[in-house]
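Secondary and tertiary structure notes
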Amino acid sequence: MNKFNSEMGNNSSSSFSGKKYSGIAERADFTSHGPKHLPTNWWQHEEHQYAVAACFINGVYVLEHDRREGGIGERALAPPWWESFGYVLLKELISPDDDGIFGAIYQRTIHLDAPETPFLVLAFRGMVTDCDRRTVLNMPFGGLAWSNNFKVALEAVHRLSLLCGQENKIWLCGHSLGAAIGLLVGKIKAKGGIYLDTFLFNPPIVLDHLGKGVLDLFKNTTFINPLGFIAWNMFVNAQKEAVSSDAGQKAFQNLVKWQPRFLLNPGDFICSGYIKYYHQRDMAKIPLFSWPNWMPQLNPTAGPQFEELHLPYVTPSACLILNMAEKGAGECHGIKQWWDDDLILEYKHHGHRTEIVSTTIICALPLAPNE
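To keep things clear, this report deals only with the structure shown in the data block.

Regarding its fold elements, the chain presents 13 helices and nine strands. Taken over 371 residues, the chain has a buried fraction of 54%. For the chain, the proportion of contacts with a sequence separation of at least 24, taken over those separated by at least 6, is 74%. Carbon and sulfur atoms form 54% of the exposed surface of the chain, whose accessible area is close to 16,100 Å².

We now examine the nonpolar core. Leu122, Leu144, Phe262 and Tyr274 are the most contacted members of the largest nonpolar core, which has 47 residues in total. With nine residues, helix α8 (residues 177-191) is the largest single contributor of residues to this core. Setting aside chain neighbours within four positions, we find Tyr274 in contact with Leu183, Pro203, Pro204, Ile205, Phe262, Leu264, Tyr313, Val314 and Leu320. With 42 residues, the next largest nonpolar core counts Val60, Tyr61, Phe85 and Trp171 among its residues.

Glancing now at the pairing of strand β5 (residues 197-201). For β5, the buried fraction is high: four of the five residues fall into the buried class. Note: strand β4 (residues 170-175) against β5, five bridges, orientation parallel. Directly across from Leu172, in β5, lies its bridge partner Thr198. The pairing of β5 with strand β6 (residues 261-264) spans three bridges and is classified as parallel. Across the sheet, residue Leu200 finds its bridge partner in β6, namely Phe262.

Burial analysis of strand β1 (residues 87-94) places six of its eight residues in the buried class, which makes it a mostly covered element. Bridge count between β1 and strand β2 (residues 101-108): seven bridges; the pairing is antiparallel. Residue pairing across strands places Tyr87 opposite Arg108, the latter belonging to β2. Once β1 ends, the chain turns through six residues before running back antiparallel as β2, passing Asp99 with a positive phi of about 65°.

Let us look at the side chain of Arg68. As for its position among the elements, Arg68 is in helix α3 (residues 46-69). A relative accessible area of 11% means that Arg68 is categorised as buried. Within polar-contact distance, the side chain of Arg68 engages the side chain of Glu64 at 2.8 Å.

In this structure the tally under the stated criterion is zero disulfides. Free cysteine: Cys332, not disulfide-bonded; nearest cysteine sulfur from Cys271 at 8.7 Å.

Turning to the packing of α8 against helix α11 (residues 249-256), a few remarks are in order. Packing of α8 against α11 leaves a shortest axis separation of 7 Å and a crossing angle of 120°. In terms of orientation, α8 lies oblique with respect to α11. Relative to α11, α8 is oriented so that their crossing is right-handed. Where α8 approaches α11, its residues Lys187, Ala190 and Lys191 are matched on the opposing element by Ala251, Asn254 and Leu255. Broken down by class, the residue content of the contact of α8 with α11 amounts to three nonpolar, one polar and two charged.

Conventions we followed
Throughout, residues of each chain are indexed from 1 in the direction in which the sequence is written. Only residues with pLDDT of 70 or above have their local features reported here, since the model is predicted, and side-chain atom pairs are shown and tallied only from 80 upward, although totals for entire chains, interfaces and linings are computed over all residues. Excluding hydrogens and water, the side-chain values take into account all heavy atoms of the structure. We count a stretch as a helix when DSSP gives it H or I for four or more residues in a row; a strand needs E for two or more, and each element gets its number in order from the N terminus. The buried label applies to any residue whose accessible area, calculated with a 1.4 Å probe on protein chains only, is under 20% of its type's maximum; exposed applies above 50%, and partly exposed to all values in between. Should any heavy atoms of two residues lie within 4.5 Å, those residues are counted as being in contact. Exposure was quantified through the Shrake-Rupley algorithm and a 1.4 Å probe, taking into account, for residues, occlusion by the shown protein chains and nothing else. Remark: nonpolar core denotes a set of buried residues (Ala, Val, Leu, Ile, Met, Phe, Trp, Tyr, Cys) joined through side-chain atoms within 4.5 Å. Here the rule is simple: two strands pair whenever DSSP picks up at least two bridges between them. Here a polar contact is recorded for every N or O atom pair within 3.5 Å, except that within protein the pair must consist of a potential hydrogen donor and a potential acceptor, and residues adjacent in sequence are included only if both atoms are side-chain atoms. In this description, a disulfide is simply a cysteine sulfur pair whose atoms lie within 2.5 Å. Geometry is summarised by axes, namely lines fitted to C-alpha atoms with helices restricted to the contacting stretch, and by angles between N-to-C directions that run from 0 to 180 degrees. Oblique is the label for any angle not under 35 degrees, not over 145, and not in the 65 to 115 range, which are roughly parallel, roughly antiparallel and roughly perpendicular in turn. The crossing is said to be left-handed when, going from far helix to near helix, the turn is anticlockwise and less than a right angle, and right-handed when the turn is clockwise. For this classification, Asp, Glu, Lys and Arg are treated as charged, while Ala, Val, Leu, Ile, Met, Phe, Trp, Tyr, Cys and Pro are nonpolar and the rest, including Gly, are polar.

In structure tokens:
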């Protein structure tokens, strides 16, 4: 562990805002709100992995909560969210914009005889701060790829990939805005042939219902906003630079092999567009991005099969994991639903030009045996 501590540094934020932050308070205490039904030796079950990944992400939310509320030492609420699973906090990822904690790197401290167990975990939280909100508003125009948080996350993943090598498993996971960061980072690494186990909880579908979103966004920004055409080109160019600087046949072949997990709730309008996108794409047997000649092109020389290489928030292959359990309107986008013990999961595996495979698992999470 010393090797990673010395390489990654330890820059825990000491800044504290007196502003009261209550958005996370209702699920900050692991003893009251954490999963009590998870056995410690079920890593081979994917449903267990989803729950633990969600807890790692919630740990980042609570880290930021502790920072704001002065939760240090015995008052800190965050540590049980990773220590309960045999991990330590290796590094906090700090936003250069507001000193907020937007991500964390965890390292396993105990030996587990389970190859599914990651050695390192990178987790990114969703929207909390005003800077986060500005990033979300700018996402359709490439704002995420320009953001300082994305640059910090990408640098952390690059360094950990070099330090760990292929022999140590790394998880990449995020919720909401953090899922968008994870998707963009994971896609860049996959294009280079490095595949991280990726868990994307409730990622925002940036081009609202992507099948028509590209055209709608272009029309709206062009005809409503007098600077729309410039904004559109800025969006295209930003994503080309951030995601597709080495676009080509090899990059696409590499990307097809990567199948991130999209954990979605059909009742969550923020992320449910992914369900429609992949369904329509597979029914059509081609990507949905055959752009008209009069629109700015991401790559005029490439065929339509390369559009998923260029657009940052979709991938040629994906595993959609849908939570079909009944949830209230305020719960559909929440992270807590993924460690609840009432999960009803439906799986949809989408490969590049392959048939969809769908299965349903009811009450997927195994219960801890009674002592």
